[in-house]
Amino acid sequence: MGAPLATYRIQVTPDFKFGDVRAVLGYLSDLGISDLYTSPLFEAKPGSQHGYDVTDPGRIRGELGGADEFRSLAAELRSHGMGLLLDIVPNHTAATADNPWWSDVLEHGPTSPFNQYFDIDWLADREGRLVLPVMGQPLDDVIAAGEMTLDIDRAGLWLRYYDSHFPLEVRSYSHVLKACLQPGAHSELVSLAGEIESMPDWRSAGPGASERHGLALELKQRFLSLLEADDGQIRHEIEARADDTALLKSVAEAQPYRLEYWRDGLLKINYRRFFDINDLAGIRAEEPAVFDASHRLVLDLVADGTVTGLRIDHIDGLWDPKGYLDRLAAALPADLPDRSGIYLVTEKILSADEELPHDWVADGTTGYEFMNAVNGICVDPAGLASLKQLHSEITGEERSFERVVYDKKLQVIGDLFRSELGRLVRELEGLAASDSAGAGLSVEDLSAAVSHVTAALEVYRTYTRTAVISAHDRGRIQHSVEVARERQPGLTSAIDFLSRVLLLRFSSDMTAEDRDAWVGFVMRWQQFTGPVMAKGAEDTALYTYVPLISLNDVGGDPDGAFAGVDAIHELNERRADEFPVSLNGTSTHDTKRSEDVRARIDVLSEVPDEWAGLLKKWRGMSGVQNVAFENAAAELLVYQTLAGAWPLHEEERPAFVERLKAYMTKASREAKTHSSWLDPNEEYEQSISEFIDQLLTGPAASEFMDTFLPFQARIAYYGALNSLAQVTVKAASPGAPDFYQGSEMWDFSMVDPDNRRPVDYDLRRRSLAEIQKATKTSLAGFASKLLSTWRDGRVKLFVTHAALRARRDNPEVFESGRYIPLSGSGRYSNHVFGFARRAGDRWAIAAVPRLTVSLCDVDEAPIGAAAWEDTAITLPEDAPSSWVNVFTGDEASHDSDYTALRMADVFSTFPFALLVGDTRAG
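Keep in mind the model is a prediction, meaning the values are calculated, not measured. (Residues numbered from 1 in each chain as written. Predicted model: local features only at pLDDT ≥ 70, side-chain atom pairs only at ≥ 80, totals over all residues. Heavy atoms only, no water.)

Draft legend 1. Representation of the overall build of the chain. A tally of helices and strands in the chain yields 33 helices and 27 strands. In terms of C-alpha radius of gyration, the chain reaches 30 Å, essentially the compact-globule figure of 29 Å for 922 residues. Oriented by its inertia axes, the alpha-carbon framework of the chain measures out at about 105 × 70 × 65 Å. Put simply, the chain has 922 residues, and 60% of those count as buried. (Helix = DSSP H or I, 4+ residues; strand = E, 2+ residues; numbered from the N terminus. Rg over C-alpha atoms; globule rule 2.2 N^0.38 Å. Buried < 20%, exposed > 50% of the residue type's maximum accessible area, 1.4 Å probe, protein only.)

Draft legend 2. Structural context of the pattern of salt bridges. One pass over the full model with this rule turns up 79 salt bridges. Among the salt bridges present, the one from Arg222 reaches Glu195, with a minimum N-O distance of 2.8 Å. Note that Arg222 is positioned in helix H7 (residues 209-229) and Glu195 in helix H6 (residues 187-197), a separation of 27 residues in sequence. Here Arg222 falls in the partly exposed class, since its relative accessible area comes to 32%. (Salt bridge = Lys/Arg side-chain N within 4 Å of Asp/Glu carboxyl O.)

Draft legend 3. Quick look at the packing of helix H16 (residues 418-433) against helix H17 (residues 443-456). Where H16 contacts H17, the axes come no closer than 9 Å and their chain directions differ by 120°. One element, H16, and the other, H17, form an angle in the oblique class. Crossing of H16 over H17 shows right-handed handedness. Every residue of H17 that contacts H16 at Leu421, Leu424, Val425, Leu428, Glu429 and Ala432 is listed here: Val443, Leu446, Ser447, Val450 and Ser451. Tallied by class, the residues present in the contact of H16 with H17 amount to eight nonpolar, two polar and one charged. (Axes fitted to C-alpha atoms, helices over the stretch in contact; angles between N-to-C directions. Parallel < 35°, antiparallel > 145°, perpendicular 65-115°, else oblique. Left-handed = near helix turned anticlockwise from the far one by under 90°. Contact = heavy atoms within 4.5 Å. Nonpolar A, V, L, I, M, F, W, Y, C, P; charged D, E, K, R; others polar.)

Draft legend 4. Focus on H7. For H7, with 21 residues, the first-to-last C-alpha span of 30 Å sits near the 30 Å given by 1.5 Å per residue. Close packing links the buried residues of H7 with helix H3 (100-108), strand E8 (148-153), strand E9 (156-161), helix H5 (170-180), H6 and helix H8 (233-239). (Expected span 1.5 Å × (residues − 1).)

Draft legend 5. The packing of H16 against helix H19 (residues 492-502), seen in detail. Interaxial distance between H16 and H19 falls to 11 Å at its minimum, and their mutual angle equals 95°. What the angle tells us is that H16 and H19 run roughly perpendicular. Across the interface between the two elements, Leu428, Leu431 and Ala432 of H16 pack against Phe497, Leu498 and Val501 of H19. Split by residue class, the contact of H16 with H19 holds six nonpolar, no polar and no charged.

Draft legend 6. A look at the environment of Pro46. Within the secondary structure, Pro46 sits in the loop between strand E3 (42-44) and strand E4 (54-60). Put simply, Pro46 and Arg61 are 15 residues apart on the chain and 9.6 Å apart in space, counted from C-alpha to C-alpha. Those residues in contact with Pro46 that lie beyond four places of it in its chain are Glu63 and Asp98.

Draft legend 7. Up close: the layout of surface pockets. Estimates place the volume of the largest pocket at around 1400 Å³. The wall of the largest pocket is formed by 44 residues, among which Phe275, Asp276, Ile277, Lys535 and Asp539 lie closest to the centre. Secondary structure elements with two or more residues in the lining of the largest pocket: helix H10 (262-268), strand E12 (273-274), strand E13 (277-282), helix H15 (401-416), helix H20 (512-538) and helix H25 (653-671). In terms of residue count, the dominant contributor to the lining of the largest pocket is E13 (four residues). A breakdown of the residues in the lining of the largest pocket according to their chemical character gives 15 nonpolar, eight polar and 21 charged. (1 Å grid on protein atoms, 1.4 Å probe; cavity = no way out; pocket = protein on both sides within 12 Å on 5 of 7 lines; lining within 4 Å. Points joined across faces, edges and corners; volume = space filled by probe spheres on them.)

Draft legend 8. Quick look at the sheet that holds strand E2 (residues 35-38). Strand order across the open sheet formed by eight strands is E16-E15-E14-E5-E2-E1-E18-E17, with parallel pairing between neighbours. Two strands lie at the open edges of the sheet, namely strand E16 (364-365) and strand E17 (583-585), each paired on one side alone. Two elements, E2 and strand E5 (residues 83-88), share four bridges in a ladder whose sense is parallel. Opposite Asp35, over in E5, you have Gly83 as the bridge partner. (Pairing = 2+ DSSP bridges.)

Draft legend 9. Representation of the pairing of strand E1 (residues 7-10). On E1, burial covers both faces: Thr7 and Arg9 on one face and Tyr8 and Ile10 on the other are all buried. Examined bridge by bridge, E1 and strand E18 (residues 736-740) share three bridges and lie parallel to one another. Counterpart to Thr7 in the pairing with E18 is Asp738. Pairing between E1 and E2: four bridges, direction parallel. Paired with Thr7 across the strands is Asp35, a residue of E2. In this view, the connection linking E1 to its parallel neighbour E2 by way of helix H1 (residues 18-31) has right-handed handedness. (Right-handed = clockwise from strand over helix to strand, strands pointing away.)

Draft legend 10. Main features of the sheet that holds strand E10 (residues 164-167). Spatially, E8-E9-E10 is the arrangement adopted by the three strands of the open sheet, whose pairing is antiparallel. In this open sheet, the two strands that pair with only one neighbour each are E8 and E10. Adjacent strand axes in the sheet meet at a mean angle of 35° when their direction is disregarded. Relative to E10, E9 is paired through four bridges, and the arrangement is antiparallel. Within E10, the position partnered with Arg160 by the bridge is His165. Contacts between H7 and the sheet are confined to E8 and E9, with E8 contributing the most and set at about 75° to the helix.

Draft legend 11. Local environment of the state of the cysteines. A full pass over the atoms with the stated rule returns zero disulfides. Free cysteine: Cys378, not disulfide-bonded; nearest cysteine sulfur from Cys856 at 13 Å. Accessibility expressed as a relative area gives 0% for Cys378, which makes it buried. (Disulfide = S-S within 2.5 Å.)

Draft legend 12. Quick peek at the side chain of Gln640. Mapping Gln640 onto the fold places it in helix H24 (residues 632-645). With a relative accessible area of 1%, Gln640 lands in the buried category. Of the polar contacts made by the side chain of Gln640, one reaches the backbone nitrogen of Ile549; its length is 2.9 Å. Discounting residues that sit within four places of it in the chain, Gln640 has contacts with Val546, Pro547, Leu548, Ile549, Ile601, Leu604 and Trp611. (Polar contact = N/O pair within 3.5 Å; in protein donor to acceptor, adjacent residues only side chain to side chain.)

Draft legend 13. Structural context of the packing of aromatic side chains. One pass over the structure, following the stated rule, counts 42 aromatic pairs. Here the aromatic rings of Phe506 and Trp518 are separated by 5.8 Å at their centres, their planes lie at 50°, and the arrangement is tilted. Placement of Phe506 in the loop between H19 and H20 and of Trp518 in helix H20 is noted, with a sequence separation of 12 residues between them. Between the aromatic rings of Trp611 and Trp618, the centroid separation amounts to 5.7 Å while the plane-to-plane angle is 85°, which identifies the pairing as edge-to-face. Classification of Trp611 by relative accessible area gives buried; the value is 2%. Given a relative accessible area of 0%, Trp618 falls into the buried group. An aromatic cluster is built from Trp611, Trp618, Tyr639, Trp646, Phe656, Phe691, Phe704, Phe708 and Phe711, whose rings are joined through pairwise contacts. For the cation-ring pair, Arg9 lies above Tyr37, with the distance from its terminal atom to the ring centre recorded as 4.8 Å. Looking at Arg600, its charged tip hangs above the ring of Phe748, at a distance of 3.7 Å from the centre. (Phe/Tyr/Trp six-rings, centres within 6.5 Å; stacked < 30°, edge-to-face > 60°. Lys NZ or Arg CZ within 6 Å of the ring centre and 35° of its normal.)

Draft legend 14. Local environment of H1. The terminal C-alpha atoms of H1, which comprises 14 residues, lie 20 Å apart, in line with the 20 Å expected from a rise of 1.5 Å per residue. The inward-facing, buried residues of H1 contact E1, E2, E4, helix H2 (66-79), helix H28 (761-777) and helix H30 (794-809). Of the residues one or two after H1, Gly32 is the one with positive phi, at around 120°.

Draft legend 15. Highlighting unusual backbone geometry. Following Asp752, the chain continues to Pro753 via a peptide bond in cis, the omega torsion being 10°. Looking at the element boundaries, Pro753 is found in the loop between E18 and H28. Backbone geometry places Phe275, a non-glycine residue, at a positive phi of 55°. Turning to its location among the elements, Phe275 is positioned in the loop between E12 and E13.

Function cannot be inferred from these measures alone, as they are strictly geometric.
Okay, here's the thing in structure tokens:
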């Protein structure tokens, strides 16, 4: 077992546990999947539906079935000869009391040995406390409202705020005991309280921190022993004062943490988070002890052969991604059971013309760049240009997407990342004070310079890790600086100084310590730019700039950088040479919409004038004019989502209406124009829900449906052709095709949590069994029959299964074969996309139609000479002369004097082809 032939992503949750996964492995193996690919499986927050809020990376999660069920799953995988690609989370853990590391820091402050695990700036708080923005109102108001109580259990004393609980540091035990115990009783506890009171303060970090921590644990354990031996009187006396406002206030103010009203706390937060999520705290994986503790179990699972591949979540969040990968590679066992090596992919979002750093120890990425490139096959660049003009006319938006991202990044820096910006600026201010060019620059100008240069960065981050900057990173930074200078001429001096620091242009008199400080600043800035890009572009701009939302996905470019066929050819050629086993994903748990929704919306680029006419009609309907929508971009988002996600079956419509409302509520908050997660505008959100109701179920529904349903039926059919084309290309391209749960049949999901809905595996299992039975007898005509009933989804399952079977039968071609772009000729050459793969004498060709609206009518497949006339694809001169289409069993050939395949022949019965051939065959 080496790299996967094909992976299948399953979200393992408390509702779909190890046993449920085990039950579908036989089906997945029959489908052609070589490796199960799972969400994180380690202990996480109770009830978590994604597993990224890890509380203990050293334990298999109990809610999923625990260690015993996991071992059973591993055994079942081995019985099917399948590998396990495991998603791991090295960047962060849950910032809750369920996490023993975090809880220890809350309890012991900087004296906790786990303090080094987290990236906490204790000095940023005026009292040296950890700021927790967790409360719905200020502390005094929380206590006065009775929302906080003192709690006692077998683990100790806590402050409880609704479902959250916060441990008391041990010196507070003395205060509580003296305040709550009856005079003259509990002599041992009184004595213990005196000992506790005399111990050093929790701020006593330094040489004595370890001793202080040990003493605190010892004294706390003595308290717990006395509590256990008591008949309940101690607990009763403490609980009697649990609501005492004066006691609660004094105790709360004595902790190493500060419980803040969340709005105020966002400005003061002093620990690194995962993006802007307060209850996910960044960990310092660059520290050997932290790496060892957070990877011990996963390395054991790799060593015993249970885990055969790793997916590294959010690698851009790490202090030093290359250093992390190097450390991981060094920690992996040299000899792995039954494998040539561990398979390793990174969740790295590549922007613009960015490539994965070639010095990383990785087999590739999780495939967002492939997703955007393969989707571009189905987008007409000319039609996109028309849609962009239409978008501008309707919304008044004149900016390019690049400028929208710049502005939105500035917005999220101000709204979500002011504390992180403040930490950077404090460091930069210190660097400026000791530099002649920086002296005298104001904090305000330095802050603005950091904000604007960050906003102008075209990629998620750069990767400086020493005093040497790569040419790639240097170019990115220089471009950002130039853009910021042009747009903010009043900040020239501050931007110039920041540029010197980011480009590490040291002066000749700088000490080694000063140079290290500059490098340290750059590395911290690099951890800042990724979250800003993620929130500014992915989670804001993609919801406001909406000419064609099938392009609005992770790593995508709504202005059309991936539209057409050039992007996929260029990417695949690079992949074949540099990362031949990188993952090829088209739907993931993080995509903004499923591949099938995108494939439908792509069709709008083929009919921009018709779409414009419909929008004009729909926006003028009297039945919805009274809805206070206020936002034309959001209205366009609704219409496009309806075109893309409308269900195939009428009985699904009521549930879909509610799903659409939930989606638009999330989209509105992500857009951050009329509502946001920080300031939900419920009146505005309700107006959108009313708009959807009136459009789909109210008095205007019949008028809308009369025009929408016929149009959507056409979009759905051509979208299905697009989707089947993308499956074929994905299966044959360099890399390992990845399938998100349920996407082997039609899946019209919107962004999470909509894409976590249960998958009907019984339907899929039965359908695959029918397909296998039928294809064992004869392929002739079977594929075309499935296409004629395309709405049931079996045709997509069939194409997936047949393509994966071809990969299994020809591994050398698809794992390491050359990639050869093929060009078309004839009348409809622009409507066919093809490429060849070659390994020695074995060849494969993938050929699919594109932009099919002008090729065929609805439910009439683009097949035969009537559709294709003289269209052909030209082959290399040394290509085989005869081929077999794995979808149909049909043979295709060309004359020796004319090395081209006529599409009328290749698509004679089914409009998709995966051809295999061998030069030795004739």
